[in-house]
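Survey of secondary and tertiary structure
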Amino acid sequence: SDKAYEKVMSRKTKPDIFSFDVTEVGRQWGFNGDKRPYHHTPPINIMFAMREALQIVSEEGLEASWNRHLNAHYQLWEGLDKLGLKPFVKNPEDRLSTVNCIEIPDGVDAPRLIAHAYDKYNLEISGGLGGTAGKVFRIGLMGYNCTPRNVESVVTAFEAGLKEQKWL
């Protein structure tokens, strides 16, 4: 849109990473009548991925996308709560809707549950990083995969993995 274009062109700080600079993408694609530069080979796969991601968000609408992510977050926590799982971040206002951290309960073998989810459900559940390593499971709800059906699959995988360990 014209409004988005104006916002990008009037920013005060350029992106730190060349591959994320949409003005460079525009130059590479010849926007604004710019002559296409050739001083290097641009990261074509990232450019096409960015173009496709922007197209998907444009079709869905930005607010609709935000709401879909937030609703998936609420659906996930409703399901996990029924299983007795607790959020690592206690204050709901401080939680991210896209990266959900779940406390690993006492008596649960986290690597075993992660392997079970991957082997039986083809789902990747991550463990914590840095100071949260060994303390949390991490579930990403992002982009195209952020759907009610996929959230149900995650909750089902947790339930089955916890039952396998006799925690439920």
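Residues numbered from 1 in each chain as written. Predicted model: local features only at pLDDT ≥ 70, side-chain atom pairs only at ≥ 80, totals over all residues. Heavy atoms only, no water.

1. Description of a nonpolar patch on the surface
There is a patch of nonpolar side chains on the surface, built from Trp29, Phe31, Ile44 and Phe48 and spanning about 400 Å² of accessible area. If you trace the backbone, tryptophan 29 turns up in helix H2 (residues 22-29). Take tryptophan 29: its relative accessible area is 31%, and that puts it in the partly exposed class. (Patch = residues over 30% accessible without salt bridge, like charges linked within 9 Å, V, L, I, M, F, W, Y side chains within 5 Å. Areas by Shrake-Rupley, 256 points an atom, 1.4 Å probe, with all protein chains shown as cover. Salt bridge = Lys/Arg side-chain N within 4 Å of Asp/Glu carboxyl O. Helix = DSSP H or I, 4+ residues; strand = E, 2+ residues; numbered from the N terminus. Buried < 20%, exposed > 50% of the residue type's maximum accessible area, 1.4 Å probe, protein only.)

2. Quick notes on the confidence of the model for the chain
Looking at the chain, pLDDT values average 91 and 96% of them are 70 or higher. For the chain, the element scoring lowest by mean pLDDT is H2, at 76; helix H6 (residues 148-164) scores highest, at 98. (pLDDT = per-residue confidence, 0-100.)

3. Notes on the sheet that holds strand S3 (residues 136-140)
By definition, the strands of a sheet pair up through backbone hydrogen bonds, in either a parallel or an antiparallel sense. Spatially, three strands are ordered S1-S3-S2 in an open sheet, and the strand pairing comes out antiparallel. The strands lining the two open edges of the sheet, one partner per strand, are strand S1 (99-103) and strand S2 (126-127). The sheet contact formed by S2 and S3 spans two bridges and is antiparallel. Paired with glycine 127 across the two strands is phenylalanine 137, which belongs to S3. (Pairing = 2+ DSSP bridges.)

4. Quick word on the pattern of salt bridges
Oppositely charged side chains can pair when the atoms bearing their charge come close. Applying the stated criterion across every chain, the model contains seven salt bridges. With a shortest N-O distance of 2.5 Å, glutamate 103 and lysine 90 are connected by a salt bridge. Highlighted residues: glutamate 103 in strand S1 and lysine 90 in the loop between helix H4 (62-82) and S1, separated in sequence by 13 residues. Within the structure, one salt-bridge network assembled from shared partners comprises Arg11, Lys14 and Asp21.

5. Digging into H4
Taking 1.5 Å per residue, 21 residues should reach 30 Å; H4 reaches 31 Å between its end C-alpha atoms and fits that length. Those residues of H4 that sit buried are Ser65, His69, Ala72, His73, Leu76, Trp77, Gly79 and Leu80. The buried residues of H4 occupy one face: seen down the axis, they fall within an arc of 165°. Opposite the buried face of H4, by more than 90 degrees, sit the exposed residues Glu63 and Lys82. Packing partners of the buried residues in H4 comprise helix H3 (44-60), S1, S3 and H6. Within two residues after H4, glycine 84 carries a phi angle of roughly 85°, on the positive side. (Expected span 1.5 Å × (residues − 1). Arc of directions from axis to C-beta. Contact = heavy atoms within 4.5 Å.)

6. Considering the packing of aromatic side chains
Applying the stated criterion across every chain yields a total of one aromatic pair. Judged by centre distance (5.2 Å) and plane angle (85°), the rings of phenylalanine 137 and phenylalanine 158 are edge-to-face. Highlighted residues: phenylalanine 137 in strand S3 and phenylalanine 158 in helix H6, separated in sequence by 21 residues. For phenylalanine 137, a relative accessible area of 1% translates into the label buried. The ring of tryptophan 77 carries arginine 95 above its face, with NZ or CZ at 5.6 Å from the centroid. (Phe/Tyr/Trp six-rings, centres within 6.5 Å; stacked < 30°, edge-to-face > 60°. Lys NZ or Arg CZ within 6 Å of the ring centre and 35° of its normal.)

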